[in-house]
Amino acid sequence: MRDGRPASFYWLALFFGLFVLFLYGPTITIFILSFQGPNGGMTFPMNGVSLHWFEKLWAGGGIVDINSAFQRSLELGVVVMILTVILSVLAGLAYRKRFFGDGLLFYVTVASLIVPSIVTSLGIALQFRLIDDAVKNYAPAWVSDGLSTTMGLFTSGLGAHLTWTLPFGLLVMFAIFNRFDSRLEEAARDLGATPWQTFAHVILPIILPSVIGIGLFGFTLSWDEIARSSQAIGEHNTLPMELQALTTTVTTPEIYALGTVTTTVSFLVIGCALVSILILRNRQARFGSDAGKA
Amino acid sequence: MFSTFRTSGVPARLQALPFALVFLLFFIVPLALVVLVSFWDYNDYAILPHFTFRSYTETFEGCYDQLPNLCTILKTYVSTVKFCFIVWLLTLVIGFTVAYFVAFHIRSTTMQMTLFLICTIPFWTSNVIRMISWIPLLGRNGLLNTTLQSMGITHAPVEWFLYSEFSVILAFVHLFTFFMVVPIFNSMMRIDRNLLEAAYDAGATGWQTLWNVVVPLAKPGIVIGSIFVITIVMGDFITVGVMGGEQIASAGKIIETRLNALQFPPAAANAVILLGCTLLIIAALTRIVDMRKEL
């Protein structure tokens with residue numbers, strides 16, 4: 001297009017810079033403050049530099065049982081991630097053909113994003129309350145005796161998280177298959193590949209980077225999820241729920257240390273995913289076909 | 001299982017079945033239960049399955065008599081919609097400007113992706129952490145207040161920086177502008193650059209091009225981003241709780257309060273009302289643009 005930068009470029013660049021500062025400033029602040037000295041408070045100035053608040057967090061027994069909440073969130077995140085990948089890929093494949101109710105299922109999926117999370121969460125809580133009643137009244141005594149509720153991390157909680165992660169998974173699958181060259185499949189079929197072989201050796205390697213993306217999306221969405229968990233998770237809290245509860249009671253930098261730790265986990269997970277996507281891209285570039293290239 | 005692959009491939013409906021089951025069990029049925037239970041009776045201990053409008057009438061109790069003054073529930077909804085509108089406007093203006101800069105003023109794709117990624121990274125941190133990260137900046141002894149005082153601009157700490165409507169709106173904008181940037185950027189990247197060139201050749205000014213070419217073509221992204229922001233803000237009770245110091249009422253907060261008191265039918269009735277309001281706003285938005293065409 002035209003040469004040179006118009007004046008608006010510099011104003012917009014300044015605006016962008018301020019936006020980035022706005023995005024990062026606060027997070028960097030608590031990152032720094034989590035290294036506050038033992039006598040330091042929740043604000044600047046820093047009163048020495050130490051790992052005191054991390055040690056306190058690690059020792060447990062301080063504010064809350066962080067370790068088990070951490071573990072619960074991690075386990076749930078991994079299960080949500082695996083299920084999100086499998087179900088989204090299957091559904092993505094299904095949407096390449098037509099099937100009964102495809103339009104309806106699409107609208108339901110989008111609706112799940114639009115309906116406020118607290119409403120979904122409330123519905124799941126009601127559902128499991130009714131299931132509890134049914135179990136207590138009709139199930140044989142050996143089932144119902146020891147049972148306080150059927151709600152739990154991997155029943156109601158898992159379901160609640162999947163209604164949040166799966167829509168993103170499906171939308172990503174749509175984006176992938178919109179760009180997918182189906183001649184590659186036809187070629188595989190012509191060469192006598194079974195549908196399973198076509199999937200395993202042609203489709204999957206091509207879509208793999210995006211599939212990793214879906215998994216990563218699933219994990220982080222679950223890892224940070226509060227609104228849907230709030231009523232639907234059962235007796236034990238996940239880490240973000242603990243954190244939310246702590247915001248009103250904890251008045252030491254320990255909460256910043258906790259923030260720094262969970263942020264680090266998010267960054268590690270996403271970092272690993274980005275690296276594996278890059279490796280896969282490189283592999284495709286190296287071993288992929290050079291047909292049509294000069 | 002894989003033997004079926006070999007003969008004919010798995011039918012699409014079987015592939016979609018597990019996905020559909022999740023939404024049937026954890027979305028459709030729960031939503032239906034919310035509507036059903038909102039018409040049930042209750043006492044201190046249990047939900048009583050008799051049909052009644054009690055939850056709705058109690059929610060709006062006294063609203064008619066107090067007119068033209070607003071009763072608590074109407075006030076709460078007015079304030080929720082007000083928050084929603086302010087946050088929507090701010091995220092739209094900021095999100096549009098940021099997306100416009102990256103999409104039209106940055107020339108190399110690598111640079112575009114880098115800047116885009118920079119906007120994405122804060123999103124990797126949990127929302128609660130991003131909320132509490134405002135406390136050391138805005139609090140009574142926070143960075144902003146100490147700076148203002150040391151510069152002699154104020155003599156006492158400014159109280160309304162934190163745990164106020166201001167801090168709630170600030171946190172919303174901080175957390176959710178991203179939801180505007182992504183779809184608007186996506187729409188902008190699909191705009192044929194020749195159209196801009198044509199507008200320039202036809203003598204349009206920068207503003208005219210922006211208003212008559214870019215904005216209409218970016219409309220799908222604007223609407224999708226708006227729907228995201230509006231539904232989140234309408235249903236939110238966490239940001240309002242943490243950043244408002246548990247002092248500010250919102251539609252989501254009413255539901256949460258009812259639930260903590262284990263009053264399921266009134267909670268459900270409020271959920272139905274909230275859902276109705278949210279859907280009305282979205283219906284109005286989707287009249288502006290046909291979503292199905294854009295996906």
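Everything here concerns the structure above.
Now for a look at the structure at hand. Keep in mind the model is a prediction, meaning the values are calculated, not measured. (Residues numbered from 1 in each chain as written. Chains lettered and ligands numbered in written order. Predicted model: local features only at pLDDT ≥ 70, side-chain atom pairs only at ≥ 80, totals over all residues. Heavy atoms only, no water.)

All names here are of chain B. In terms of strand pairing, strand β1 (residues 40-42) meets strand β2 (residues 47-51) through three bridges, oriented antiparallel. Along β2, the bridge assignment pairs W40 with F51. The antiparallel hairpin formed by β1 and β2 contains four residues in its connecting segment. (Pairing = 2+ DSSP bridges. Helix = DSSP H or I, 4+ residues; strand = E, 2+ residues; numbered from the N terminus.)

Attention now moves to the pattern of salt bridges. All names here are of chain A. This model, assessed by the stated rule, comprises seven salt bridges over all chains. We note a salt bridge from R96 to E185, for which the minimum N-O separation is 2.9 Å. Pair noted here: R96 is in the loop between α3 (66-94) and α4 (102-114) and E185 is in helix α8 (residues 183-190), with a separation of 89 residues, a long-range link. Of the residues examined, R96 reaches a relative accessible area of 30% and is grouped as partly exposed. Residues D181 and R183 are paired through a salt bridge, measuring 2.9 Å at the closest nitrogen-oxygen approach. (Salt bridge = Lys/Arg side-chain N within 4 Å of Asp/Glu carboxyl O. Buried < 20%, exposed > 50% of the residue type's maximum accessible area, 1.4 Å probe, protein only.)

Turning our attention to helix α1 (residues 7-33) of chain A. End to end, α1(A) covers 39 Å across 27 residues, agreeing with the expected 39 Å (1.5 Å per residue, within 8%). The sharpest bend along α1(A) reaches about 35° and sits at Y24(A), with the proline P26(A) one to four residues further on. All buried positions along α1(A) are accounted for by F9(A), L12(A), F16(A), F19(A), V20(A), F22(A), L23(A), P26(A), T27(A), T29(A), I30(A) and L33(A). Where α1(A) is buried, its residues contact α12 (254-287) of chain A together with α5 (72-105), α6 (109-120), α7 (127-132), α8 (135-138) and α10 (165-189) of chain B. (Expected span 1.5 Å × (residues − 1). Bend = angle between axes of the 7 residues up to and from the residue. Contact = heavy atoms within 4.5 Å.)

Moving on, we come to unusual backbone geometry. Backbone geometry at Y163(B) places phi at a positive 55°, although glycine is not the residue there. Among the structural elements, Y163(B) can be located in the loop between α9 (143-150) and α10.

So far we have only geometry, and geometry alone does not tell us how the molecule works.
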